[in-house]
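Below, each chain spelled out in residue letters.
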Amino acid sequence: MRSKIVAGNWKMNKTLEQTETLLLELSAKLPDTNAEVMVAPTYVNLVGAVQSLESSMIEVIAQNMHFAESGAYTGEISADMLLNIGVDTAIIGHSERRAYFGETDEILSKKVVAALNKGIRVMFCFGEELQDRQSGNHFKIVESQLKNALFSLEASAWSKIILAYEPVWAIGTGETASPEQAQEMHAFIRKTIGEAYDSAVSTNVSILYGGSVKPGNAEEIFSKPDVDGGLIGGASLVADDFVAIIKAI
Ligand code: PGA
């Protein structure tokens, strides 16, 4: 059975003190849920977050990692560094990494392999840009992103993969894919994985939706059969909003 997951991507927001305050508030207000709840603070606040959530069911995950073991990669963070502080899940392929930091499918594929080799669970993000959707190319783009970064993995590796479909036009824009658009794409993703592997892999992988999920639209999006939760940006920075989204699942 695949997991339900709600993850907050805090991006480049919150100082150490603000991170502590938000985590305290989230821990205090966290509803009973069967879903996995995750937060991704910025690197410098990961250690503090792991420590403050020691006895909480909220999991701390990383926003990114590098593919190399170690070495001359100024500004980067390795899998071992994450594991060493108790972080064993990393977001890879977020559209902001692709758009602003030049992360190509080829780089992402290396990151995925490096993470999995170390036992790090990968939350792999992908999704089409506005012009792809307008020109009707969105299914093709999504299929090629999956294929280029993930389809050379062994079937067994997929137990450590979480997918996050995030149409770029819906990220941080206030525009959301309609629940029907999300379901249509998620069903397509599951079918594509089923064809590349088998139905066990496609049925068991969690596929999250991301892109302007808010308390007001979360329930309807999460009610769709192929949507297994959400990757939340802006709304995860406000405890009451994130808690409302967790309740919606
Ligand atoms: P948003 O961001 O919820 O602010 O649109 C989502 C994401 O980037 O993961």
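Owing to the predicted nature of the structure, the values given are computational and were not obtained by experimental measurement. Here, residues in each chain are numbered from 1, in the same order as that chain's written sequence. Per-residue local features of the predicted model are confined to residues with pLDDT of at least 70, and side-chain atom pairs are confined, for both listing and counting, to 80 or more; whole-chain, interface and lining totals are unaffected and use all residues. Remark: hydrogens and water are excluded; side-chain values derive from all non-hydrogen atoms of the structure.

**Student:** Any details on the nonpolar core? Residues and values, ideally.
**Tutor:** Across soluble globular proteins, nonpolar side chains have a tendency to be buried as a group. Definition of nonpolar core: a set of buried residues of the types Ala, Val, Leu, Ile, Met, Phe, Trp, Tyr and Cys, connected through side-chain atoms within 4.5 Å. For every residue, the accessible area obtained with a 1.4 Å probe (protein chains only) is divided by the maximum for its type, and the residue is called buried under 20%, exposed over 50%, and partly exposed between those limits. If you look at the biggest cluster of nonpolar residues, it comprises 68 residues, and the most contacted ones within it are Phe 124, Leu 150, Trp 158, Leu 163 and Ile 189. Here this core takes six residues from helix α11 (residues 239–248), the largest share from any one element. If you look at the next biggest cluster of nonpolar residues, it comprises 12 residues, including Met 38, Ile 61, Ala 164 and Leu 231. To qualify as a helix, a DSSP run of H or I must reach at least 4 residues; to qualify as a strand, a run of E must reach at least 2; elements of each kind are numbered from the N terminus.

**Student:** Which residues make up the layout of surface pockets, and what values go with them?
**Tutor:** Roughly 430 Å³ of volume is contained in the largest pocket. Looking at the largest pocket, it is lined by 15 residues, and the ones nearest its centre are Lys 11, Met 12, Gln 63, Arg 97 and Phe 101. Among the elements that make up the lining of the largest pocket, the one with the highest residue count is helix α4 (residues 95–101) (four residues). Throughout, the protein atoms alone are placed on a 1 Å grid, and a set of points is a cavity if a 1.4 Å probe fits but cannot get out or a pocket if it is open with protein on both sides within 12 Å along at least five of seven lines; lining residues have an atom within 4 Å of a point. Grid points are joined across faces, edges and corners, and a volume is the space filled by probe spheres set on the points.

**Student:** Tell me about the site of the ligand, residues and numbers included.
**Tutor:** The criterion for a residue being near a molecule or strand is simple. One of its heavy atoms has to lie within 4 Å of it. Not every one of the 13 residues close to the ligand is listed here, only the nearest: Lys 11, His 94, Glu 166, Gly 172 and Ser 212. Pairing of N or O atoms within 3.5 Å defines a polar contact, subject to two protein rules: one partner must be a possible hydrogen donor and the other a possible acceptor, and residues neighboring in sequence count only if both atoms are side-chain atoms. Lys 11 is positioned such that a nitrogen or oxygen atom in its side chain is 2.6 Å from an oxygen atom of the ligand. Backbone polar atom of Gly 172 to an oxygen atom of the ligand: 2.7 Å apart, as the coordinates give it. Each residue gets one label: Ala, Val, Leu, Ile, Met, Phe, Trp, Tyr, Cys and Pro are nonpolar, Asp, Glu, Lys and Arg are charged, and the others, such as Gly, are polar. Across the shell around the ligand, the residue classes break down as four nonpolar, seven polar and two charged.

**Student:** I'd love a proper account of the pattern of salt bridges, names of residues and values included.
**Tutor:** Salt bridges are counted wherever a side-chain nitrogen of Lys or Arg sits within 4 Å of a carboxyl oxygen of Asp or Glu. According to the stated counting rule, one finds 16 salt bridges in the structure shown. Across the pair Asp 80 and Lys 118 runs a salt bridge whose closest N-O atoms are separated by 3.2 Å. In this pair, Asp 80 is assigned in helix α3 (residues 79–84) and Lys 118 in the loop between α5 (105–117) and β5 (121–126), connecting sequence segments 38 residues apart. Here the salt bridges do not stand alone but share partners, grouping Arg 2, Arg 190, Asp 226 and Asp 228 into one network.

**Student:** I'd like a description of the packing of aromatic side chains, backed by residues and values.
**Tutor:** In summary, the pairing rule links any two rings of Phe, Tyr or Trp, Trp by its six-membered ring, whose centres are within 6.5 Å, and it sorts them by plane angle into stacked for under 30 degrees, edge-to-face for over 60 and tilted for everything else. Taken as a whole and judged by the stated rule, the model has eight aromatic pairs. Their ring planes at 80° and their centres at 5.8 Å tell us that Phe 151 and Tyr 197 sit as a pair that is edge-to-face. One end of the pair, Phe 151, is in the loop between α7 (138–150) and β6 (161–165); the other, Tyr 197, is in the loop between α8 (179–196) and α9 (199–204), with 46 residues separating them in the sequence. In terms of burial, Phe 151 and Tyr 197 fall into one category: buried. Aromatic rings pair up to connect Phe 124, Phe 126, Tyr 165 and Tyr 209 into one cluster. In this arrangement the basic side chain of Arg 97 is found over the ring face of Phe 101, its NZ or CZ atom lying 4.1 Å from the centre. The criterion for a charge sitting over a ring is simple: Lys NZ or Arg CZ within 6 Å of the ring centre, and within 35 degrees of the ring normal. Between the NZ or CZ atom of Lys 110 and the centre of the ring of Phe 67, over which it lies, the distance is 4.5 Å.

**Student:** Talk me through the environment of Glu 175; I want residue IDs and the actual numbers.
**Tutor:** The residue Glu 175 is located in the loop between β6 and α8 in this model. On the basis of relative accessible area, Glu 175 is assigned to the partly exposed category, the value being 46%. Spatially, the C-alpha atoms of Glu 175 and Ser 212 are 6.3 Å apart, while their sequence positions differ by 37 residues. Should any heavy atoms of two residues lie within 4.5 Å, those residues are considered in contact. When residues no more than four places from it in sequence are discounted, the contact partners of Glu 175 are Trp 169, Ala 170, Gly 211 and Ser 212.

**Student:** Any chance you could break down α5 for me, citing the residues and the numbers?
**Tutor:** Its 13 residues place the ends of α5 18 Å apart at the C-alpha level, agreeing with the 18 Å of an ideal helix rising 1.5 Å per residue. The set of residues buried in α5 consists of Asp 105, Leu 108, Ser 109, Lys 111, Val 112, Ala 114, Ala 115 and Leu 116. On its buried side, α5 packs onto β4 (89–92), α4, β5, α7 and β6. Directly beyond the C-terminal end of α5, a positive phi value near 85° is found at Gly 119. In this analysis, the expected span of each helix is defined as 1.5 Å times one less than the number of residues it contains.

**Student:** Give me the lowdown on the pairing of strand β7 (residues 206–210), citing residues and values where you can.
**Tutor:** Among the five residues in β7, five count as buried, and that is most of the element. Residues Ser 206, Leu 208 and Gly 210 line one face of β7 and the alternating positions Ile 207 and Tyr 209 line the opposite face, and both faces are buried. A pair of strands is considered paired only if DSSP assigns at least 2 bridges between the two. The sheet contact formed by β6 and β7 spans four bridges and is parallel. For Tyr 165, the partnering residue across the bridge sits in β7 and is Tyr 209. In the sheet, β7 pairs with strand β8 (residues 229–232) via two bridges, with the strands oriented parallel.

**Student:** Give a description of unusual backbone geometry that names residues and reports values.
**Tutor:** Positive phi values are uncommon outside glycine, yet Lys 14 reaches one of about 80°. Counting through the fold element by element, Lys 14 comes out in the loop between β1 (5–9) and α1 (16–29). The phi dihedral of Ser 212 is positive, around 55°, even though this residue is not glycine. For Ser 212, the position within the fold is in the loop between β7 and α10 (215–222). In this structure Ser 212 comes out as buried when scored by relative accessible area, which is 10%.

Any functional reading would require information beyond the geometric quantities listed.
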